[in-house]
Amino acid sequence: MKIAKYFFALWAGVLIYTLLSGVWGANGYSARRQLEREQQRQEENIEYLRQRNRELEDAMNSLLYDRDALALHAREQGYASRDERFMRIVGLGVNQRNLLSYGELVIASDPHFIANKTIRIISLCSGFSILIGLLIFDILKRRI
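The notes below deal with the structure included here. Computed from a predicted model, the values in this text were never measured in an experiment.

Rules used in this analysis
- Residues numbered from 1 in each chain as written.
- Predicted model: local features only at pLDDT ≥ 70, side-chain atom pairs only at ≥ 80, totals over all residues.
- Heavy atoms only, no water.
- Helix = DSSP H or I, 4+ residues; strand = E, 2+ residues; numbered from the N terminus.
- Contact = heavy atoms within 4.5 Å.
- Areas by Shrake-Rupley, 256 points an atom, 1.4 Å probe, with all protein chains shown as cover.
- Axes fitted to C-alpha atoms, helices over the stretch in contact; angles between N-to-C directions.
- Parallel < 35°, antiparallel > 145°, perpendicular 65-115°, else oblique.
- Nonpolar A, V, L, I, M, F, W, Y, C, P; charged D, E, K, R; others polar.
- Salt bridge = Lys/Arg side-chain N within 4 Å of Asp/Glu carboxyl O.
- Buried < 20%, exposed > 50% of the residue type's maximum accessible area, 1.4 Å probe, protein only.

## Some points on the overall build of the protein chain
No. 1: Regarding its fold elements, the protein chain presents 4 helices and 0 strands.
No. 2: Starting at the N terminus and ending at the C terminus, the protein chain contains elements arranged as α-α-α-α.
No. 3: Nonlocal contacts in the protein chain, meaning residues at least 24 apart in sequence, comprise 74% of its contacts between residues at least 6 apart.
No. 4: When the accessible surface of the protein chain is totalled, it reaches about 12800 Å², and 61% of it is carbon and sulfur.

## Let's talk about the packing of helix H2 (residues 29-65) against helix H3 (residues 67-76)
No. 1: Where H2 meets H3, the closest approach of the two axes is 5 Å, and the angle between their N-to-C directions is 105°. The pairing of H2 with H3 is recorded here as roughly perpendicular in orientation. For the pair H2 and H3, contact is made by Ser62, Leu63 and Tyr65 and by Arg67, Ala69, Leu70 and His73, respectively.
No. 2: Taken together, the residues that form the contact of H2 with H3 break down as 4 nonpolar, 2 polar and 1 charged.

## Details of the pattern of salt bridges
No. 1: Counted by the stated rule, this structure contains 5 salt bridges.
No. 2: With a shortest N-O distance of 3.8 Å, Glu47 and Arg54 are connected by a salt bridge.
No. 3: Take Glu47: its relative accessible area is 41%, and that puts it in the partly exposed class.
No. 4: Residue class for Arg54 comes out partly exposed when judged on its relative accessible area of 38%.
No. 5: Between Glu55 and Arg52 there is a salt bridge, and its shortest N-O distance comes to 3.0 Å. Taken together, the residues span about one helical turn, with Glu55 and Arg52 both in helix H2 at a distance of 3 residues.
No. 6: Owing to a relative accessible area of 38%, Glu55 belongs among the partly exposed residues under this scheme.
No. 7: When its relative accessible area of 14% is taken as the criterion, Arg52 is described as buried.
No. 8: One network of salt bridges, in which partners are shared, links Glu47, Arg50 and Arg54.

Put into structure tokens, the structure is as follows:
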């Protein structure tokens, strides 16, 4: 029975390793939650890019097949037809042109977790601490 209590130190080390790995390890709960949030962020960005792609396709189709839209776009870019003339009026400010935004670069971030080596060291130190505590307790018990 005396030796059986020393297995508690081994069991405690394994329990601490399991809990730390399950919560803060590379495949633990915390890392999985971070990856799920990252996946949701990426899906939102993909949906935004799909919407933007539809808008750009609509604009491209209107420029390809609608002559009035093409003429309006050409005028916005500073072009004119042969019978048109431009007048520049000084003092009205700079010509504001449409600047298109094509989305933003969304870089996936790596999840933060405790390295497996660190978890092993923590669990080994905890197990040894419990083992040493039990040994000291038995030694003091025998002396009294």
